[in-house]
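Observations on the three-dimensional arrangement
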Amino acid sequence: GIKKMQAWGSPATSVFTINPHDDPTHTQSDTIIFEPKKNLLSFQNNATITNDDNVFQGHLITYNTLSKVISYPSDQTKRGTMVIEPYQKLQTKED
């Protein structure tokens, strides 16, 4: 099987759907690495992940395809940022 897939670009981009009925997740970074046996997508250098109005940015962002968890380590010189829009419940009118 495939051990590792890499994409490079200015930026490299990808689009995927986490759940079948969800809006797509858009990514971009200088390098994208997919390691299927580790269930891991890595976005390196100038990385951005956007889903709906939620935005994650950092020098390294990882996405675990099994647990569906986004994480990004930070250090003293390179910080990650996150903007999460508030969840709004849909209201229905009763007749």
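Bear in mind the structure is a predicted one, so any value in this text is a computation, not a measurement. (Residues numbered from 1 in each chain as written. Predicted model: local features only at pLDDT ≥ 70, side-chain atom pairs only at ≥ 80, totals over all residues. Heavy atoms only, no water.)

Let's shift gears to the nonpolar core. A12, F16, I32, L41, F43, A47, I49, F56, I61 and Y63 form the largest nonpolar core, which has 10 residues in total. Of all the elements in the fold, those that place two or more residues in this core are β1 (5-16), β3 (40-51) and β4 (54-64). Among the elements that take part in this core, β3 stands out by supplying 4 residues, more than any other. Apart from the residues lying within four places of it in its own chain, the contact partners of F16 are P24, T25, T27, L41, F43 and Y63. (Core = buried A, V, L, I, M, F, W, Y, C linked by side-chain atoms within 4.5 Å. Buried < 20%, exposed > 50% of the residue type's maximum accessible area, 1.4 Å probe, protein only. Helix = DSSP H or I, 4+ residues; strand = E, 2+ residues; numbered from the N terminus. Contact = heavy atoms within 4.5 Å.)

Mapped onto the secondary structure, S29 falls in strand β2 (residues 25-35). For S29, a relative accessible area of 0% gives the class buried. The residues touching S29, leaving out its near neighbours within four places in the chain, are G9, P11, A12, F43, Q44, N45, N46 and A47.

What follows is about the packing of aromatic side chains. The full count for this structure, using the stated rule, is 1 aromatic pair. Both rings, one in F16 and one in Y63, keep their centres 5.4 Å apart while their planes meet at 35°; by these two values the pair is tilted. Of this pair, F16 sits in strand β1 while Y63 sits in strand β4, and the two are 47 residues apart along the sequence. Residue classification places F16 among the buried positions, given a relative accessible area of 18%. (Phe/Tyr/Trp six-rings, centres within 6.5 Å; stacked < 30°, edge-to-face > 60°.)

Here 9 bridges tie β1 to β2, and the two strands are oriented antiparallel to one another. Paired with V15 across the strands is H26, a residue of β2. In terms of strand pairing, β2 meets β3 through 9 bridges, oriented antiparallel. What sits directly across from I32, in β3, is F43. Between the antiparallel neighbours β2 and β3 lie 4 residues, among them N39 with a positive phi of about 55°. (Pairing = 2+ DSSP bridges.)

Another point: unusual backbone geometry. Looking along the chain, the bond that leaves S10 and enters P11 is cis, with omega of 0°. Examined against the element boundaries, P11 turns out to sit in strand β1. Despite not being glycine, N39 shows a phi value in the positive range, around 55°. Tracing the backbone through its elements, the reader meets N39 in the loop between β2 and β3. Exposure remark for N39: the relative accessible area of 25% places this residue in the partly exposed category.

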